[in-house]
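What the coordinates show
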Amino acid sequence: MKQYSAEFLGTFWLVLGGCGSAVLAAAFPQLGIGFVGVSLAFGLTVLTMAFAIGHISGCHLNPAVSIGLWAGGRFPAAQLLPYIVAQVIGAVAAAGVLYLIASGAPGFSLAGGFASNGYGAHSPGGYSMQAALITEVVMTMFFLIVILGATDKRAPAGFAPLPIGLALTLIHLISIPVTNTSVNPARSTGVALFAGDWAVGQLWLFWVAPIVGALLGALAYRFIASEEK
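The paragraphs below set out a description of the structure included in this document. (Residues numbered from 1 in each chain as written. Predicted model: local features only at pLDDT ≥ 70, side-chain atom pairs only at ≥ 80, totals over all residues. Heavy atoms only, no water.)

Turning next to the packing of helix α3 (residues 63-71) against helix α5 (residues 129-150). Look at α3 against α5: their axes get within 10 Å of each other, and the N-to-C directions meet at 60 degrees. As judged from the angle between their axes, α3 and α5 are oblique. Here α3 and α5 pass one another in a crossing that is right-handed. Each of A64, V65, G68 and L69 in α3 lies in contact with α5, whose residues at this interface are T140, F143, L144, I147 and L148. Residues that form the contact of α3 with α5 fall into these classes: 7 nonpolar, 2 polar and no charged. (Axes fitted to C-alpha atoms, helices over the stretch in contact; angles between N-to-C directions. Helix = DSSP H or I, 4+ residues; strand = E, 2+ residues; numbered from the N terminus. Parallel < 35°, antiparallel > 145°, perpendicular 65-115°, else oblique. Left-handed = near helix turned anticlockwise from the far one by under 90°. Contact = heavy atoms within 4.5 Å. Nonpolar A, V, L, I, M, F, W, Y, C, P; charged D, E, K, R; others polar.)

What the rule picks out here adds up to 9 aromatic pairs. Note on F108 and F114: the rings are 6.4 Å apart at their centroids and 75 degrees apart in plane angle, and the pair reads as edge-to-face. Each residue in the set Y99, F108, F114 and F194 is aromatic and connected to the rest through ring pairs, giving one cluster. (Phe/Tyr/Trp six-rings, centres within 6.5 Å; stacked < 30°, edge-to-face > 60°.)

Residue placement: N184 occurs in the loop between α6 (161-179) and α7 (185-195). Discounting residues that sit within four places of it in the chain, N184 has contacts with L14, L61, N62, P63, F206 and P210.

For the coordinates displayed, the defined rule picks out 0 disulfides. Between C19, a free cysteine, and C59, which holds the nearest cysteine sulfur, the sulfur-to-sulfur gap is 16 Å. (Disulfide = S-S within 2.5 Å.)

Before going further, it helps to spend a moment on unusual backbone geometry. Unlike most non-glycine residues, N180 shows phi in positive territory, near 70 degrees. The backbone phi angle of V183 is positive, close to 50 degrees, even though this residue is not glycine. Positionally, V183 belongs in the loop between α6 and α7. A relative accessible area of 2% means that V183 is categorised as buried. (Buried < 20%, exposed > 50% of the residue type's maximum accessible area, 1.4 Å probe, protein only.)

Moving on, we come to helix α2 (residues 34-57). Taking 1.5 Å of rise per residue, 24 residues should cover 34 Å, and α2 covers 32 Å from first to last C-alpha, within 8% of that figure. Of all bends in α2, the biggest is about 55 degrees, found at F51. Count one or two residues on from α2 and you reach G58, which has phi positive near 90 degrees. (Expected span 1.5 Å × (residues − 1). Bend = angle between axes of the 7 residues up to and from the residue.)

With that settled, the discussion passes to the pattern of salt bridges. A full pass over the atoms with the stated rule returns 2 salt bridges. Ionic pairing is found between D152 and R74, a salt bridge with its closest N-O pair at 3.9 Å. Pair noted here: D152 is in the loop between α5 and α6 and R74 is in the loop between α3 and α4 (80-102), with a separation of 78 residues, a long-range link. Taking the relative accessible area as the measure of exposure, R74 reaches 35% and is therefore partly exposed. Residues participating in the shared-partner salt-bridge network are R74, D152 and R154. (Salt bridge = Lys/Arg side-chain N within 4 Å of Asp/Glu carboxyl O.)

Now the structure itself:
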């Protein structure tokens, strides 16, 4: 239960910090943090939580990461479902807290999407479903390669949170204009349930694509990292 509680709290922090920066601070008049600030916020949530709970639960904070670590031979199948449930509940709880905060401002509306992920008319840059699918698969694939590489027993010990957090920042810098960046089904689910309508209708892509990308990343890393016999 301590591991699952850690995943709940870690995913809560990721959604509150990342999506919270997008909803509350990205477009704040004159002093908005923009795409760069939101990208940093997501990276910082993972970086800080990796140091805080990495030694307790591994700090997955993401169903795709848990599945990718399982495919990479780093995580037991028996713990997959409890981890994913804890992550999704943490994301939904964080989205609820964010809604309570955001709705305290005059003129607040969910019409802006509440930091939900989308494609087509709901992509920040109007990108197609195909572009969104490719983006989410490729970004998650490389995220898993970074995670598996940084946590490899042959990698420098104690530094894994830095490349993982920076990788998530880079992923957001690339892909916010395309999908508002998911690479995390729990993050997508939490805010989509509050935004409703199109966000829930398009949520399938932000489960399928990150999971496919995570599996590809795990396979790619197992291939390049396997030791010669």
